[in-house]
Structure formats: structure tokens, C-alpha cells
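These are the residues of each chain, in order.
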Amino acid sequence: MKLLIVAVGQHVPDWAQTAYDDYAKRFPPELKVELKAVKTEPRGSKTVETLYAAERKRIEAAIPRGTRIVVLDERGTNLTTKALAQRLQHWQLEGDDVALVIGGPDGLDPAFKQGAHEKIRLSDLTLPHAMVRVLLIEQLYRAWSVNAGHPYHRE
């Protein structure tokens, strides 16, 4: 199974990339994690709909056919770490590759969100995009560790 994190925005601070890389290398070979950063559409005087359409096209191009799409959205399902661990286990049992999609500054195209298999949220707080990448991969690693009985996760 592969977890694909698709994030709108190509530039993150060094600290965020270092933290992301640290967690990414901890996953076992049978659970591959890949990050695909897609270009943010230049804002200028474009409408939000134009921005959404351009970013959506890039996001869809980054996701292989047949991949389960899970979007991160402030109105998504609020999950505990244990609930995320259960989701991860379900995805693994289903054998699906999963794309977790992080939107850009304006979020994600509403139609794209509507067509996703699932919508989850990481926090009630508004977080910087670089922090979302780090928080997401850390929580995915923690979810894996719960399922593996690994001592990383303690209650």
C-alpha cells in the first residue's frame, strides 16, 4: 500500500522539510509514503474559481487512477489518533493506495472535495500549510505505530 500526500504549494521552510523527512523515513517498506507537491496557481487578479480549476487539474494529474482520495478539510470528520489508526488499517486491508490532499491558500475546489471518498480534518485550528504536512505525516506514523503495537504511541 502507498500513502500519497498531495500538497498544493512547493516551498516549505527547511525546518518543515526536515521534520517531514524524519517521519517519512520511519515507515516500514510495506507502507510507502510519497509526497507530491503541486504548484500553487499565481493569485494576481484571477477569480477563486479560476484558481480552483488550475490547482484541481494539477492535483488530479498527481493522483494515479484507482487511488482512494481523502481530502483534508475543516468541515471533515474529526478523528482521534485511534480512529485514524482504524482508518489506516481499513485502507491497508482494502489494499487501496490512498491520496491525502492538502489544499492551497484558498482551499480545494468544492466539486473536488465533494467527489472525494472521505473528508477528514486534523485540527479545529487554522494551521500553516508547512505545519499541516508535518502534523499529517506524524499522525500517520503514530496511527501505524498504534496498529503495529510500537512503543512510539503511549496512552
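Just so you know, the residues in each chain are numbered from 1, in the order the chain's sequence is written. Thresholds applied to this predicted model are a pLDDT of at least 70 for local features of residues and 80 or more for the giving and counting of side-chain atom pairs; totals over whole chains, interfaces and linings are not thresholded and use all residues. Here the side-chain values reflect all heavy atoms present in the structure, with hydrogen atoms and water set aside.

A.B. asks: Explain the environment of Asp22 here, please?
C.D. replies: Under the scheme used here, helices are H or I runs from DSSP no shorter than 4 residues and strands are E runs no shorter than 2 residues, and both carry numbers assigned from the N terminus. By secondary structure assignment, the location of Asp22 is in helix H1 (residues 14-24). Burial classes: relative accessible area under 20% of the type maximum marks a residue as buried, over 50% as exposed, and values in between as partly exposed (1.4 Å probe, protein chains only). A relative accessible area of 27% places Asp22 in the partly exposed class. Separated by 112 residues in sequence, Asp22 and Val134 have C-alpha atoms that sit 9.6 Å apart. For Asp22, the side chain forms a polar contact with the side chain of Arg26, separated by 2.7 Å. N or O atoms closer than or at 3.5 Å make up a polar contact, with two conditions inside protein: a donor-capable atom paired with an acceptor-capable one, and, for residues adjacent in sequence, both atoms drawn from side chains.

A.B. asks: How do you make sense of the pattern of salt bridges when you look at a structure like this?
C.D. replies: Two side chains with opposite charge may pair up if their charged atoms get near one another. By definition here, a salt bridge exists when the distance from a side-chain nitrogen of Lys or Arg to a carboxyl oxygen of Asp or Glu is within 4 Å. Taken as a whole, this structure holds 15 salt bridges when the rule is applied. Of the charged contacts, one joins Arg43 and Glu55 as a salt bridge, the two residues approaching to 2.9 Å between their closest N and O atoms. Of this pair, Arg43 sits in the loop between strand S2 (32-38) and helix H2 (48-62) while Glu55 sits in helix H2, placing them 12 residues apart in sequence. A salt bridge links Arg75 to Glu74, with the nearest nitrogen and oxygen atoms 3.2 Å apart. A residue is classified by how much of its surface remains accessible, and Arg75, at 62% relative accessible area, is exposed.

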